[in-house]
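# Analysis of the macromolecular model
Spelled out from the first residue to the last, the chains are:
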Amino acid sequence: GRGAMMAASPSAAGGFTASGLSVRKSEEIADLIDLFSKTQYRAKEVTPRVEAIEKRCLELFARDYKYSVIQNTNGEVCGHYPRQIVFLEYECTDVERDRFESTVQISKLQDLVNRSKLARCRGRFVCPVILYNGKHICRSSTLAGWGELYGRTGYNYIFSGGSDDTWTESEAVPEDDSAVRNGDSQLFDKVRGHDIKLLRYLSVRYICDLMVENKKVKFGLNVTSSEKVDKAQRYADFTLLSVPYPGCEFFKDYKDRDYTAEGLVFNWNQDYVDAPLTIPVCFTQNLNIDWTQYQSWDLVEQTQNYLKLLLHIINSDDESGLLVHCISGWDRTPLFVSLLRISLWADGAVHASLEPAEILYLTIAYDWFLFGHMLPDRLSKGEEIFFFCFNFLKHIVSEKFSAVKKQRRKNSHFKDGDFTVEDLCQLSKDRGSVTSLSSDFSLITEEVGAASSLTNDTVDLFSSQPQASSWCPFPSERQARLEAVREVFLAAYSSTVGLKSSAPSPSGAITGLLEQFARGVGLRGTNAIV
């Protein structure tokens, strides 16, 4: 059908070179990344450029969703959350829905948010960010430990950015330790109670905690905590998953290996690493992953398996939503939120009307920039988790990551023109040979081949080839869409931030490829790439 032809034509997959409009959209991404790499977003210091970004995000959300806004005008709820937090109510295509109100009242939600913000580290409350089949995928930081809570409750202090290690003087150890500890559980009952009410109001049942430690300790105080170690078992009604994933420091190793994640394994034997991997059996049995091996996985396999798990969770329950968090909720959390948003988009399951450059803009601007990822700080330390996220799209092109499960056809009698690219692949696999496909399709394959072979160099960074597992000659629609997003990203990133090679002499492979790449997409690199 039309879908199959579209997906297989170069203009659909990489159409960003085809028109002036598309080139402008690519430049818009380059401008966004350029600003992001030099500016730390703060809700109370907004420039006209940031206002334009906020406005663009709202336009892009509005293409597919009816939404309300949680107000955070001067960052009074949280200093590094968007000033207008989008609460997606339903898809615009649900014409029926206009007849009745959304199940959530925005005033009630705003009230719950205001009350619950103290419960979590840096005031980063549970915030719904993706609406998938009526379920909310949410993000937050971890629970505040009493060290942080007491540093804050005396006055309305909410942390305003800075690195994980910047604790202000006001948060030094309270003088009378025991007095604090006695009031401790009452205060926790109160603020964590509000947090739980908010989770329930959003119908969140699953909580995925990416921290590698159970608590973060500073000056002997538990600065942050986690649902899994809440002593009063307040979170017992939720399904808690502990899925430890390395923090942003680890991504310096990724950069130092010339942006190669294959073979890069986290060292789980470090002193501070004490969170085990714990996943309920109901989720482990269907995925065909040997979870006992998680400490031996490299960064590629670990990220793939965690994403498969998250997708499996949101597909396994028709009613309940999911919360993903790390410590501060601004490095690992946006990595997985962004991968989820783009992956579901590639399946046509969310933001259905957005083009590749538009979903890319939305996720960079909203999930990363407006939610406070500290790109200038991370780049200065070489912690390139942001780049890793979008370069990683090449590792999730396979249908194994598709949320839309294809129904196998009962009969193999296809009516002419009535089958999809996936059907063709299945057909060719069933026959055990690609050549049995009819000749008019081989033409398309050649075009796609030409479009995707940007260069004969096989440096891993730019291999647009599908993974070996999906040897089918037709890129699926999913693959074409993900590759298009990644290509726009790489072109924009290389023309702004640039990739730094760690080799003593500039790595010719990376530089040469990036220059060709930038030229090919009509964006000449402004920064020399060293």
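Structure: above.
Summarised in this report is the structure supplied together with it. (Residues numbered from 1 in each chain as written. Predicted model: local features only at pLDDT ≥ 70, side-chain atom pairs only at ≥ 80, totals over all residues. Heavy atoms only, no water.)

## With respect to the overall build of the protein chain
Convention followed: Elements are defined by DSSP. Helices are runs of H or I of four residues or more, strands are runs of E of two residues or more, and each kind is numbered from the N terminus. The rule is simple: take the accessible area with a 1.4 Å probe, protein chains only, and divide by the maximum for that residue type; under 20% is buried, over 50% is exposed, in between is partly exposed. Contact between two residues is taken to exist if any of their heavy atoms lie within 4.5 Å; hydrogens are not considered.
On a plain count of helices and strands, the protein chain comes out with 18 helices and 9 strands. Within the protein chain, buried positions represent 55% of all 530 residues. Restricting to contacts in the protein chain with at least 6 residues of sequence separation, those with at least 24 account for 78%.

## Details of the packing of aromatic side chains
Rules: For Phe, Tyr and Trp, rings pair up if their centres lie within 6.5 Å, where Trp contributes its six-membered ring, and each pair is then called stacked (planes under 30 degrees apart), edge-to-face (over 60) or tilted (otherwise).
In the structure shown here, the tally under the stated rule is 34 aromatic pairs. A centroid spacing of 5.8 Å and a plane angle of 90° characterise the contact between Tyr 254 and Tyr 259, whose relative ring orientation is edge-to-face. A single burial state applies to Tyr 254 and to Tyr 259, both of which are buried.

## Section: the packing of helix α3 (residues 20-38) against helix α4 (residues 48-62)
Packed helices, taken two at a time, are described by the angle between their axes plus the distance between the axes. The condition that has to hold: Only C-alpha atoms enter the line fits that serve as axes; for helices the fit covers just the stretch in contact. Angles between N-to-C directions range over 0 to 180 degrees. Every angle not falling under 35 degrees, over 145, or within 65 to 115 is termed oblique; those three ranges are roughly parallel, roughly antiparallel and roughly perpendicular. The hand of a helix crossing depends on one turn: near helix anticlockwise from the far one by less than a right angle means left-handed, and clockwise means right-handed. Three classes are used, and their members are as follows: Ala, Val, Leu, Ile, Met, Phe, Trp, Tyr, Cys and Pro are nonpolar, Asp, Glu, Lys and Arg are charged, and the others, Gly among them, are polar.
The contact between α3 and α4 brings their axes to 12 Å, and the two run at 130°. In terms of axis orientation, α3 runs oblique to α4. Considering the relative orientation of α3 and α4, their crossing is left-handed. Counted together, Lys 25, Glu 28, Asp 31, Leu 32 and Leu 35 of α3 and Arg 49, Val 50, Ile 53 and Arg 56 of α4 form the full contact between these two elements. A breakdown of the residues in the contact of α3 with α4 according to their chemical character gives 4 nonpolar, no polar and 5 charged.

## Some remarks on helix α17 (residues 477-495)
Formally: Expected span, for any helix, means 1.5 Å times one less than how many residues it has.
An ideal rise of 1.5 Å per residue puts 27 Å on 19 residues; α17 measures up with 28 Å between its terminal C-alpha atoms. By the criterion of burial, α17 is predominantly enclosed, with 18 of the 19 residues buried.

## Some words on the pattern of salt bridges
Applied cut-off: Salt bridges are identified by distance alone: a Lys or Arg side-chain nitrogen within 4 Å of an Asp or Glu carboxyl oxygen.
Using the criterion set out here, one finds 20 salt bridges in the structure. A salt bridge links Lys 55 to Glu 59; its shortest N-O distance comes to 3.6 Å. Here Glu 59 and Lys 55 lie together in helix α4, a separation of 4 residues that amounts to about one turn. Residue Arg 341 is joined to Asp 367 by a salt bridge in which the shortest nitrogen-to-oxygen separation is 2.8 Å. Placement of Arg 341 in helix α11 (residues 332-346) and of Asp 367 in helix α12 (residues 356-369) is noted, with a sequence separation of 26 residues between them. With relative accessibility at 0%, the residue Arg 341 sits in the buried group. Judged by relative accessible area, which is 0%, Asp 367 ranks as buried. Via salt bridges that share partners, Lys 25, Arg 63, Glu 355 and Glu 358 belong to a single interconnected network.

## Concerning the side chain of Ser 495
For clarity, the threshold we go by: Nitrogen and oxygen atoms within 3.5 Å of one another constitute a polar contact, given that in protein one can donate a hydrogen and the other can accept it, and given that sequence-neighbouring residues count only through two side-chain atoms.
If you trace the backbone, Ser 495 turns up in helix α17. A polar contact is formed between the side chain of Ser 495 and the backbone oxygen of Ala 492, at a distance of 3.1 Å.

## Remarks on α3
End to end, α3 covers 27 Å across 19 residues, agreeing with the expected 27 Å (1.5 Å per residue, within 8%). Within α3, the full set of buried residues consists of Ser 22, Lys 25, Ser 26, Ile 29, Ala 30, Leu 32, Ile 33, Leu 35, Phe 36 and Ser 37. Buried residues along α3 sit in contact with α4, α12, α13 (375-380), α14 (385-391) and α17.

## Regarding the pairing of strand β9 (residues 321-325)
Stated formally: Should DSSP find at least two bridges between two strands, the strands are taken to pair.
Most of β9 sits inside the fold, with 5 of its 5 residues counted as buried. Side chains of β9 alternate between two faces, with Gly 321, Leu 323 and His 325 and Leu 322 and Val 324 buried alike. The sheet contact formed by strand β4 (residues 135-140) and β9 spans 4 bridges and is parallel. Looking at the pairing, Ile 137 lines up with Leu 322 of β9. Taken together, the 5 bridges between strand β5 (residues 204-209) and β9 define a ladder with parallel strand orientation. Looking at the pairing, Cys 208 lines up with Val 324 of β9.

## Quick notes on the nonpolar core
A general tendency of soluble globular proteins is for nonpolar side chains to be buried together. For clarity, the cut-off: Within this scheme, the nonpolar core is defined by two criteria: the residues are buried Ala, Val, Leu, Ile, Met, Phe, Trp, Tyr or Cys, and they are joined through side-chain atoms within 4.5 Å.
Grouped together as the largest cluster of nonpolar side chains are 128 residues, with contacts concentrated most on Tyr 306, Leu 344, Ile 364, Tyr 366 and Phe 489. Leave out the neighbours within four places in its chain, and Tyr 366 touches Cys 57, Phe 61, Pro 82, Gln 84, Ile 85, Val 86, Val 129, Arg 341 and Phe 371.

## A word on the environment of Leu 277
Within the secondary structure, Leu 277 sits in the loop between α8 (250-256) and α9 (281-284). In sequence terms Leu 277 and Asp 209 are 68 residues apart; their C-alpha atoms lie 9.8 Å from each other. Apart from residues lying up to four places away in sequence, Leu 277 is in contact with Ser 242, Val 243, Pro 244, Trp 291, Tyr 294 and Tyr 306.

## Some points on the sheet that holds β5
Strand order in the open sheet formed by 5 strands is β3-β4-β9-β5-β8, with mixed pairing between adjacent strands. Sheet topology places β3 (127-132) and β8 (239-242) at the edges, where each strand pairs with a single neighbour. Taking each pair of neighbouring strands and ignoring which way they run, the sheet shows an average axis angle of 20°. Contacts from α11 reach β3, β4 and β9 within the one sheet, and its direction differs from that of β3 by about 20°.

## Some remarks on unusual backbone geometry
Its identity is not glycine, yet Asn 133 carries a phi of approximately 50°, on the positive side. Overall, the relative accessible area of 49% leaves Asn 133 in the partly exposed class. Even without being a glycine, Asn 288 presents a positive backbone phi close to 60°. Topologically, Asn 288 is positioned in the loop between α9 and α10 (299-316).

## Observations regarding the packing of α11 against α17
Running from N to C, α11 and α17 cross one another at 135°; their axes reach a closest spacing of 9 Å. When the axis of α11 is compared with that of α17, the two are oblique. For the pair formed by α11 and α17, the contact residues are Ile 342, Ser 343, Trp 345 and Ala 346 on the first element and Arg 478, Arg 481, Leu 482 and Val 485 on the second. Looking at the contact of α11 with α17, its residues break down into 5 nonpolar, 1 polar and 2 charged.

## With respect to the environment of Asp 331
Turning to its location among the elements, Asp 331 is positioned in the loop between β9 and α11. Sequence-wise, Asp 331 and His 373 are 42 residues apart; in three dimensions their C-alpha atoms are separated by 6.2 Å. Not counting residues up to four positions away in its chain, the partners in contact with Asp 331 are Cys 248, Trp 368, His 373, Arg 378 and Ile 385. Here His 373 takes part through its side chain, which lies 3.1 Å from a polar atom of the side chain of Asp 331. In this structure the side chain of Asp 331 is engaged in a polar contact, spanning 2.7 Å, whose partner is the side chain of Arg 378.

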